[in-house]
Amino acid sequence: MSQKIRIAARLRPRLEGEVDDGGIQVCHAVDQSGSSSSSAANTSGAGNISGFSGRSYISVQNPRVPGQLFNFPFSSCYDQNSSQEEIFVNDVQPMIDIVYSGVTVTIFAYGVTSSGKTHTMQGTKAEPGVIPRAVRSLFLKKAEYAQYQVTLSASYMEIYKDEAYDLLVNRESAPKLPVRENDAGLVFVANLSSIPIDSVEQFDRIYAQATKNRSVGATNLNRASSRSHAVLTIEVAMVDVRQHMTRTGKINLVDLAGSENNKHTGNDSVRMAESAAINKSLTALGQVVHALNKGHSRIPYRDSKLTRILQDALGGSSVGLLICNIAPGTKFRQDTLNTLNFASRTKNIANKPVVNERDNRPVPKPHFAALNVPQQPISTKPFQPLPTNLVQPTAANSENIMPLAVDVCQPQPLPKSRKERRSGRPSMVPVPQPRSSRPSSAAFPTGSFNFQSIYQPFGGTMASGSASASSSAGPSGAATSGLSEKEIDERISKAVEMEVARRLEEREKERLRELEEERRLSVGQEALASTSASQPRSAKNSPARLVSGSVSRSGSTSAHGTPSRSGSKRRVPSKSPRRDTIAKERDEIQPAQAIPPGILTPLLKRHKDLDEQLSLRLHELERKYEQGNKEAQLASVLSPVSKKKTGKAYVSLARAHSEKGDLQVALDLYRKAESYVPENIKLKERWILFVVHVFLNAVSHHGVVS
Ligand SMILES: Nc1ncnc2c1ncn2[C@@H]1O[C@H](COP(=O)(O)OP(=O)(O)OP(=O)(O)O)[C@@H](O)[C@H]1O
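The rules behind the values
- Residues numbered from 1 in each chain as written.
- Predicted model: local features only at pLDDT ≥ 70, side-chain atom pairs only at ≥ 80, totals over all residues.
- UniProt positions renumbered as here; feature names shortened; annotations may be inferred.
- Core = buried A, V, L, I, M, F, W, Y, C linked by C-beta atoms within 7 Å.
- Buried ≥ 20, exposed ≤ 12 C-beta atoms within 10 Å, placed from the backbone.
- Helix = DSSP H or I, 4+ residues; strand = E, 2+ residues; numbered from the N terminus.
- Contact = placed C-beta atoms within 7 Å.
- Near = placed C-beta within 6 Å.
- Nonpolar A, V, L, I, M, F, W, Y, C, P; charged D, E, K, R; others polar.
- Expected span 1.5 Å × (residues − 1).
- pLDDT = per-residue confidence, 0-100.
- Pairing = 2+ DSSP bridges.

- The protein has the name Kinesin-like protein in an unreviewed UniProt entry, where Dendrothele bispora is given as its organism.
- If you open the UniProt record of the protein and go to Sequence similarities (unreviewed entry), you find "Belongs to the TRAFAC class myosin-kinesin ATPase superfamily. Kinesin family."

Right, here's the structure in full:
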């Protein structure tokens, strides 16, 4: 079932010194009495107004044609007086329930620079924003899922000048992170660390420290302007031990950098370069939204890291909420219109949310959690929106949200490292004293900033933790060991391949052990059968009904019917369901008459033969299935690089065999190659041509096709 991206628009209050001609109004369409209302500075926000049954919209005066108004209707519209609490309760709290249903939710704040995105997402100590409130709510909700083992973990990154960086590691040593795609087409940032979080307090500590790692700089429009897009992800894993299922929900909280009009920013060359990258990525975002709206077959997700990373939120499988921030200042008017147009287009995008669930019974899996490859859900089912009573926030929920202790400090000047100069990600710029004193900025405590202390809590703790290879593959490992990304990839691939081989071998051994066990049991049963046949029994123990329909002794047994002989009460443990059924039937048979010795021997023999035939056939089928699946199993656990390499190797082998004329072998090798790189269309075409070639060859040689 598809679900459109929800849009909430928020007009921030006028800042001191800002020229506001009142050209932007937050209006609420028809109320119950049929009249409409607009909310200027004195009216309360959409969330507080009771009785409005219609929609709300933002009305903006055309800066070029006086008197002309543009109206932008959205699901929620908040005016200057709206509180952080209202926005959270109305629009974000329902998303928390969705996360717990195993779905990915993406909330992103969009708007021109200084429109209030960071204020909305992060907020201040006095006015905490969406992020800290969402985390609190996630923890509160955890208590409702007592039947699951629920764990929360966090990752946090920024996209600065089209490169992804981990914000949970020391800024000085944070490498650029590659963006990759898994087999299911899900895009992920490789080597991004993820920290298990046990409490709100722990999250606050980590988040406050990580926030200081973000690239922030001063411009004429915003003294603490975000120079990067920041993506905080909280993953909620719910393990149902009894059902062997793991359900994974996620919430991505995205604070985008604002679009900038460099006529107003007064940017220097560094800021200009950042600004160009910000505007470019936002243009790419606009183009993705445009292409989705127009139903284009090619969506340009690959045009920027931002759009690649947000791919799942735009036309993908997550539930989306766009918070569109707008500034009242006249100098932003044209940008505000652009922002609202973008939001209007975005609201038409339909996602297809799915519930991510996977079976967690043990299957061969390598220890390469450090790769941070998102596990492919074994089953994803379409997400059914929750019933309204579940998605509606309750008073209890909102009241339970405690005042926060997020210590979001102003960024401090840092020495520029050699690495930084190379990567072009400068240390954060000293933020000048505010030109005007503003109530919210007073809430920003300043203080000295110790990288050592930031690094400590994160040291060595990776996403899924247990990986033995993680220390060398994790971000910190990569930075300290001096290995190149390629070398790390190669090492991991090798380790994975070895692990896969080891596990396959283990499985094979286990299968052989089971076979041996089966064999021993059937020998035991044979012995028992011959004992039963040769020894005189009481009528009570006679297994006459074993050969249903074929035994007719003095007319006392009918086809499937009337019991005339009872089975032995001694049951031979059997793995075969058929044997179990027979034994059960045998146990149910009531005593009738004793059978003379020897009469059952041929019947039991026949039964044993049938059993053996069946068991052989099953093993043969299992063997074929195992073989057929070997490649698929291997392929499913290899990294994309290893898969490509293995696929290539099989193709070369297939070619060599084809040249030698071993067409059947070559065909098999092509099939194997294809199972490693199923997405390779060229290979598929080549394989089909080859099949045709083999077919024609067979026809010309034998005149028939088998
Ligand atoms: N709803 C609000 N109430 C009070 N102050 C606000 C509100 N929204 C924003 N502000 C103030 O406006 C200023 C700019 O806000 P903010 O830094 O959040 O903008 P931004 O959109 O994140 O900018 P940039 O894209 O440059 O990072 C800040 O000083 C912030 O405190």
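There is more to say, and it comes next.
## Regarding the nonpolar core
Part 1: One finds Ala9, Ile58, Met95, Val99, Ile107 and Cys324 to be the most contacted residues of the largest nonpolar core, which totals 97 residues.
Part 2: Among the elements that make up this core, the one with the highest residue count is helix α1 (residues 84-100) (nine residues).
Part 3: Ignoring any residue separated from it by four or fewer positions in sequence, one finds Ile107 in contact with Val92, Met95, Val130, Leu253, Val254, Leu321 and Ile323.

## A few points about the UniProt feature "repeat: TPR" (unreviewed entry) in the protein
Part 1: In the numbering adopted here, UniProt assigns the feature "repeat: TPR" (unreviewed entry) to residues 647-680.
Part 2: What you have in residues 647-680 is 82% helix and 0% strand, and the ends, taken at the C-alpha atoms, are 10 Å apart.

## Considerations on the site of the ligand
Part 1: As a structural note, the neighbourhood of the ligand is formed by 21 residues, with Gly116, Thr118, Ser225, Ser226 and Gly258 the closest of them.
Part 2: In terms of residue count, helix α2 (residues 117-121) provides more of the shell around the ligand than any other element does, three residues in total.
Part 3: Of the residues that constitute the shell around the ligand, the class distribution is four nonpolar, 14 polar and three charged.

## Digging into helix α3 (residues 130-142)
Part 1: Taking 1.5 Å per residue as the helical rise, α3 with its 13 residues ought to reach 18 Å, and the 18 Å between its terminal C-alpha atoms agrees with that figure.
Part 2: For α3, the set of buried residues is Val130, Ile131, Pro132, Arg133, Ala134, Val135, Arg136, Ser137 and Leu138.

## Looking at helix α4 (residues 200-213)
Part 1: When the terminal C-alpha atoms of α4 are compared, their 20 Å separation across 14 residues agrees well with the 20 Å that a helix rising 1.5 Å per residue should span.
Part 2: Taken residue by residue, α4 has Val200, Phe203, Asp204, Tyr207, Gln209, Ala210, Thr211, Lys212 and Asn213 as its buried positions.

## Description of the confidence of the model for the protein
Part 1: On average, the protein scores 70 in pLDDT, and the residues at 70 or more come to 58%.
Part 2: Every residue in residues 369-373 is under pLDDT 50, and counting partners more than four places away or in other chains gives 23 contacts.
Part 3: Every residue in residues 386-422 is under pLDDT 50, and counting partners more than four places away or in other chains gives 70 contacts.
Part 4: As a predicted assembly, this complex carries a pTM of 0.57 together with an ipTM value of 0.98.

## Considerations on unusual backbone geometry
Part 1: At Ser114, a position not held by glycine, the phi torsion is positive, near 70°.
Part 2: Take Ser114: it is sitting in the loop between β8 (104-111) and α2.
Part 3: Judged by the 26 C-beta atoms lying within 10 Å of it, Ser114 falls in the buried class.
Part 4: For Asp162, which is not glycine, the phi torsion reads 60° and is therefore positive.
Part 5: With respect to the secondary-structure elements, Asp162 resides in the loop between β9 (149-160) and β10 (163-166).

## With respect to the pairing of strand β18 (residues 245-255)
Part 1: Counting buried residues along β18, ten of its eleven residues qualify, which places the element largely inside the surrounding structure.
Part 2: For β8 and β18, the ladder comprises six bridges, and the chain directions are parallel. Along β18, the bridge assignment pairs Ile107 with Leu253.
Part 3: By the bridge criterion, eleven bridges tie strand β17 (residues 229-240) to β18 in an arrangement that is antiparallel. Bridged to Ala237 within β18 is Thr248.
Part 4: Taking the residues that link successive antiparallel strands as the turn, the β17-β18 hairpin has four residues, and the phi of His244 there is positive, at about 55°.
Part 5: As defined by bridge partners, β18 adjoins strand β21 (residues 354-359) across three bridges and the pair is classed as antiparallel. Counterpart to Arg247 in the pairing with β21 is Glu357.

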